[in-house]
Amino acid sequence: MQIHLDEKPAESVECDALVAITFEGKPNDRFKDSLSEVHASGEATGKMYEMTLVHRPVGFKAKRILLAGSGPVEKFTSAELRRVSAAALRHLKSKSVGNIAILLDGAFSGAEHVEAAVEGAVLGDFEPDRYKTDKKGKKPVEQFTVAVAKKSAGLDAALVRGRAIAEAQNLTRELVNEPANRLTPTSLAEAARQMAVAQGLECDVLDRDRMQQLGMGSLLGVAMGSAEPPALIVLRYKPAKDTSNGKAHLGLVGKGVTFDTGGISIKPADGMEKMKYDMAGGAAMIGTMRALAQLKPSIPVTAVIPAVENMPGSRAQRPGDIVTALSGKTIEVINTDAEGRLILADALTYARRLGCTHLVDAATLTGAVVVALGYVNVGLFSSDDPLAERLLKAARAAGEKMWRMPVDEEYKELLKSEFADLANVGGRPGGAITAALFLREFAEQTPWAHLDIAGTAWLEDTKPYMSKGPSGVGVRTFVNLAMGWAD
Ligand code: BES
Ligand code: ZN
Ligand code: ZN
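What you are looking at is a predicted structure, and each value in this text was computed from that prediction instead of being measured. (Residues numbered from 1 in each chain as written. Chains lettered and ligands numbered in written order. Predicted model: local features only at pLDDT ≥ 70, side-chain atom pairs only at ≥ 80, totals over all residues. Heavy atoms only, no water.)

Caption draft 1: Inspection of the sheet that holds strand 2 (residues 17-22) at higher detail. Strand order across the open sheet formed by six strands is 1-6-5-2-4-3, with mixed pairing between neighbours. Each edge of the open sheet is held by one strand with a lone partner, namely strand 1 (2-7) and strand 3 (51-55). Shown here is a sheet whose adjacent strand axes are inclined to one another by a mean of 25°, direction ignored. Relative to strand 5 (residues 99-104), strand 2 is paired through four bridges, and the arrangement is parallel. Bridged to A20 within strand 5 is L103. (Pairing = 2+ DSSP bridges. Helix = DSSP H or I, 4+ residues; strand = E, 2+ residues; numbered from the N terminus. Axes fitted to C-alpha atoms, helices over the stretch in contact; angles between N-to-C directions.)

Caption draft 2: Spotlight on the pairing of strand 11 (residues 301-310). With ten of its ten residues buried, strand 11 lies for the most part within the structure. In strand 11, alternate side chains face the same way, and those of V301, A303, I305, A307 and E309 on one face and T302, V304, P306, V308 and N310 on the other are all buried. Inspection of the sheet shows strand 8 (residues 231-237) paired to strand 11 by seven bridges, in the antiparallel sense. In the strand pairing of strand 11, Y237 is matched with V301. Two elements, strand 9 (residues 250-254) and strand 11, share four bridges in a ladder whose sense is parallel. (Buried < 20%, exposed > 50% of the residue type's maximum accessible area, 1.4 Å probe, protein only.)

Caption draft 3: Broad picture of unusual backbone geometry. A positive phi angle, near 70°, is found at Y49, a position not held by glycine. With respect to the helices and strands, Y49 occurs in the loop between helix 1 (36-41) and strand 3. Notably, R56 is not glycine yet its phi reads approximately 45°, a positive angle.

Interpretation in functional terms is not warranted from these geometric data alone.
Laid out in structure tokens, this is it:
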């Protein structure tokens, strides 16, 4: 899809369909005369995501105008614009309309709006249909134009930013959607390396031997049951001129379980096929690094992604096994299905050793977070208020919903083991919180935040603005976090 910015009055925009933001109870003045019949009919109410397509609008060069319902104007922010732009593109794409323009005017024609409209279009265009041999004859969208009355400073850059971020998020979605027979820890590392080479990032992949030398017993324990070898993926971005005075170095750690059977503590068969998305945290960090390579934040950013397959097998670790983590702490593996925290423990320690001063991890870590927050909010856990605030701010600007959860010391009781320093599970009560507290033991004194994306990394139903399947959640927030660090 080609994306352009065009400075033209609405009437002169040439395209197959011109998308017009339409607010609830407030017909757009610009179209009042030419579309008077539609307005008089009451068909276009402006309700969020309501789409009204008008052919051959009088006085316009566009072949069609799509009145895109955008809800009440008071509630309309770039988050709504991103979704309306995506929903309009999806609506038109379903009708094989190939050349689309969106009109941004008045209060909604700033850089943040251009960025949101472009992000929406690129994200809306994504379909998890890579392995469908029949794409149902739909024509791809060839052109997407953002039409503004007047080009102001920064709009071109906003378009480039919007495209970079959304394409990165779509890379994450593409990786998450890959089935586990096609995406192993080795091939995830290969995908990360390819991205790094193309984007000019450094990439190191630690193999099993190297991990053994270092003493990553917690990560290696999880990998034991699988014929697929583990990989620890490290991606590095360094600013050309480090303006942060060497103060901040952001570490992004993402869970990369390419398939989670549960191991010996095996999961029920029903729904197990979904566990290919257990590497969504790792994929979010790969996507984020792709965007950062292009947008160049002022601080260094290092991503660490432990990639393993959690399988039962004659060599698999057993409940009751005790492993020694890279940090030196011993862990009693009560449940082999709580594997995410085991691999992240060593990845967090490793990220600290690489010099990261702030750690943010993302993981499809617990079913308990889905019970707590459903499919709407990401669970945010942190004992560092400034970092949590930075993340919430970045998430708000990105239109990603996150809800801060408690991490009181009292919950730590539940992780006591009779035989080792820690147990890897704390029972059902507060399951998402004890998982977070387990991770905190390995972040130690480094400011740390954990995002449990088990409920939000996979959409169960198609939304007007997004296909069902992998959501790519986290990428936009992490990009904002790194880009806005100096502010
Ligand atoms: N990958 C799962 C968590 C998960 C559940 C992700 C549902 C997406 C949807 C994780 O490894 C896991 O199995 N966690 C266990 C922990 C329990 C054994 C303490 C869980 O949540 O049941
Ligand atoms: Zn598991
Ligand atoms: Zn898992």
